[in-house]
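Structural overview
Residue strings, one per chain:
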Amino acid sequence: MKKPIIVTLVNHKGGCLKTSVTASLGAALARVGKKVLVVDLDAQQNLTSSLIGPIAYDPEEEPFTLYEALMEEAGLDDLITPTGTRGLDIIPVTEDFAGTEISLVSATGREGILKLCLERTTRLAEYDFVLFDNPPSIGLVVMNSLVASDYFMVPCSAEYLPMVGLTLLGTSIGKMQKLAPSLQVLGVVLTNYSHRESICRKTENILRDQLGENLFNTRVRVNTKAKSAPSVQKTIFDFENSAQGRGTQDYSKLAEEFLERVEAKGQTTMPNAVSQEEDFGQEQVANG
Ligand SMILES: Nc1ncnc2c1ncn2[C@@H]1O[C@H](COP(=O)(O)OP(=O)(O)OP(=O)(O)O)[C@@H](O)[C@H]1O
Ligand SMILES: [Mg+2]
C-alpha cells in the first residue's frame, strides 16, 4: 500500500505560524497537484476554523470525533472532510480534544496511538502528504504526532525569544530518538519575517550559521492579509487571488523547497535520526 509522507509542524512557542503554515503549505501543495491531508491536533481548533469553520460539539449529536478515535485506537477514515480547495482535505478537531492530553497519560503505548490510528486508516493511501498541526506545547499529543511522522518542520518567528526556544525544542525532540528512530528534521522556517527589522536579519544570520541547511531558504513574510483569510475560511491563495500576493508567493516558494527537501531526504540511504547537537546546533544557537 502506498504511504504518504507524514510531517509534523511543531514549536512549543505559541504564535509562530504553525497553523498558518500547515494550512497554506497544504494548499500550496494541493495547487501543484498533490493530494494533501491536514490534521488538527490542537484543541484551539485554529486549523479547523481556518479551513472549514469551527465545529460545534454536541456529545449527543456528534457521531465520532478525533478524540474518540484516539481513545478507541480506531481508523480515521470517517473524520476526513473536504475543504474548499481541491486536493486538500482535513481531519478537524472538536472541543472534546482538550481531554486528550490527560486521557493519554494512562493509555498503554501512549506515544504511539496516533500512529496506530493512521495505520488503520484505509484512505491514507490516497494522499501524497499528511501535515499535522500541533498545539504550542511538548506533551503527549505532540509526541504522538512526532512518532507518527517521517519528518518534522519548525516554523519559528524571526526574533530573539523564539530563536533561543529552539534550543529546548531540539533537546525535547532529541530525547524522543528511541520512540521515533527514523524521524528526520526537514528544517526550520522563519516566519513573521520583515527585511526592514534588524532583529529579523540578525536572527536569520545566526540561524543560518548554526543550522546550515536545516534552515529553509524560504521565509514567510509579515502579511496582514494572512490575518484576515481564516475569518472567511479562505486559503491565502484564494484570499489574495493574485500571483503577486505576498502570501501566494511565499507559500508557493515554500512548497517548492519543501518538495525538493523531501526528495533529497528520500534519497538519503541511512535514516537521519534526530541528534540534538547536530541538527539544531542548540548550544551555538543559545550562545549565538
Ligand atoms: N504572514 C503573517 N504575517 C502576520 N501575521 C500572520 C501571518 N500569518 C498568520 N498570521 C497571524 O499570526 C497569528 C498566529 O498565527 P498561527 O495561529 O498560525 O500561529 P500558531 O503557531 O499556530 O499559534 P498557536 O501556537 O497558538 O497554535 C494568527 O493570528 C494569524 O492570523
Ligand atoms: Mg496553531
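Below you will find a few notes about this structure. Every value quoted in this text rests on a predicted model; they were computed, and no experiment measured them.

1. Topic: helix H6 (residues 140–147)
When you tally the buried positions in H6, you get seven out of eight residues, the bulk of the element. If you follow the buried residues of H6, they end up packed against strand E1 (5–9), helix H4 (100–105), helix H5 (113–119), strand E5 (129–133), strand E6 (151–157) and helix H7 (160–174).

2. Side note on the site of ligand 1
Not every one of the 17 residues close to ligand 1 is listed here, only the nearest: Lys18, Thr19, Ser20, Arg221 and Asn223. A distance of 2.8 Å is found between an oxygen atom of ligand 1 and a side-chain nitrogen or oxygen belonging to threonine 19. In isolation ligand 1 offers 630 Å² of accessible surface; the protein chains occlude 80% of this area. Broken down by secondary-structure element, the contributors of at least two residues to the shell around ligand 1 are helix H1 (18–31) and helix H9 (225–228). At three residues, H1 tops the list of elements feeding residues into the shell around ligand 1. Residue composition of the shell around ligand 1, by class: six nonpolar, seven polar and four charged.

3. As for the side chain of glutamate 204
Looking at where glutamate 204 falls in the secondary structure, it is placed in helix H8 (residues 198–211). Since its relative accessible area comes to 9%, glutamate 204 is described here as buried.

4. What about the packing of aromatic side chains?
Scanning all chains against the criterion turns up one aromatic pair. With a centroid separation of 5.3 Å and 70° between ring planes, the pair formed by phenylalanine 129 and phenylalanine 258 is classed as edge-to-face. Remark: phenylalanine 258 occurs in helix H11 (residues 246–266) and phenylalanine 129 occurs in strand E5; sequence separation between them is 129 residues. Since its relative accessible area comes to 0%, phenylalanine 258 is described here as buried. Positioned above the aromatic ring of tyrosine 193 is the side chain of arginine 219, whose terminal nitrogen or guanidinium carbon lies 4.4 Å from the ring centre. Here arginine 261 stacks its cationic end above the ring of phenylalanine 216, 4.3 Å away from the centre of that ring.

5. A closer look at the sheet that holds E6
Strand order in the open sheet formed by seven strands is E3-E4-E2-E5-E1-E6-E7, and the pairing between neighbours is mixed. The open sheet is flanked by strand E3 (81–82) and strand E7 (184–191), the only strands paired with a single partner. In the sheet, E1 pairs with E5 via five bridges, with the strands oriented parallel. The residue bridging isoleucine 6 from the neighbouring strand is valine 130, located in E5. Lying on the sheet, H7 is in contact with E6 and E7; it crosses E6 at an angle near 160°.

6. Regarding the pairing of E1
Most of E1 is tucked away, with four of its five residues classed as buried. By the bridge criterion, three bridges tie E1 to E6 in an arrangement that is parallel. The residue bridging leucine 9 from the neighbouring strand is methionine 153, located in E6.

7. Focus on the pattern of salt bridges
A side chain with one charge may pair with a side chain of the opposite charge, provided their charged atoms come close. Scanning all chains against the criterion turns up nine salt bridges. Of the charged contacts, one joins lysine 35 and glutamate 126 as a salt bridge, the two residues approaching to 3.2 Å between their closest N and O atoms. Placement of lysine 35 in the loop between H1 and strand E2 (36–40) and of glutamate 126 in the loop between H5 and E5 is noted, with a sequence separation of 91 residues between them. Between arginine 221 and aspartate 250 there is a salt bridge, and its shortest N-O distance comes to 2.9 Å. Residue arginine 221 is found in the loop between H8 and H9, and its partner aspartate 250 is found in helix H11; the two are separated by 29 residues along the sequence. Through salt bridges with shared partners, a single ionic network connects Lys35, Asp89, Arg123 and Glu126.

Rules and cut-offs
Residues numbered from 1 in each chain as written. Chains lettered and ligands numbered in written order. Predicted model: local features only at pLDDT ≥ 70, side-chain atom pairs only at ≥ 80, totals over all residues. Heavy atoms only, no water. Buried < 20%, exposed > 50% of the residue type's maximum accessible area, 1.4 Å probe, protein only. Helix = DSSP H or I, 4+ residues; strand = E, 2+ residues; numbered from the N terminus. Contact = heavy atoms within 4.5 Å. Near = heavy atom within 4 Å. Polar contact = N/O pair within 3.5 Å; in protein donor to acceptor, adjacent residues only side chain to side chain. Areas by Shrake-Rupley, 256 points an atom, 1.4 Å probe, with all protein chains shown as cover. Nonpolar A, V, L, I, M, F, W, Y, C, P; charged D, E, K, R; others polar. Phe/Tyr/Trp six-rings, centres within 6.5 Å; stacked < 30°, edge-to-face > 60°. Lys NZ or Arg CZ within 6 Å of the ring centre and 35° of its normal. Pairing = 2+ DSSP bridges. Axes fitted to C-alpha atoms, helices over the stretch in contact; angles between N-to-C directions. Salt bridge = Lys/Arg side-chain N within 4 Å of Asp/Glu carboxyl O.

Nothing here speaks to function; it is geometry throughout.
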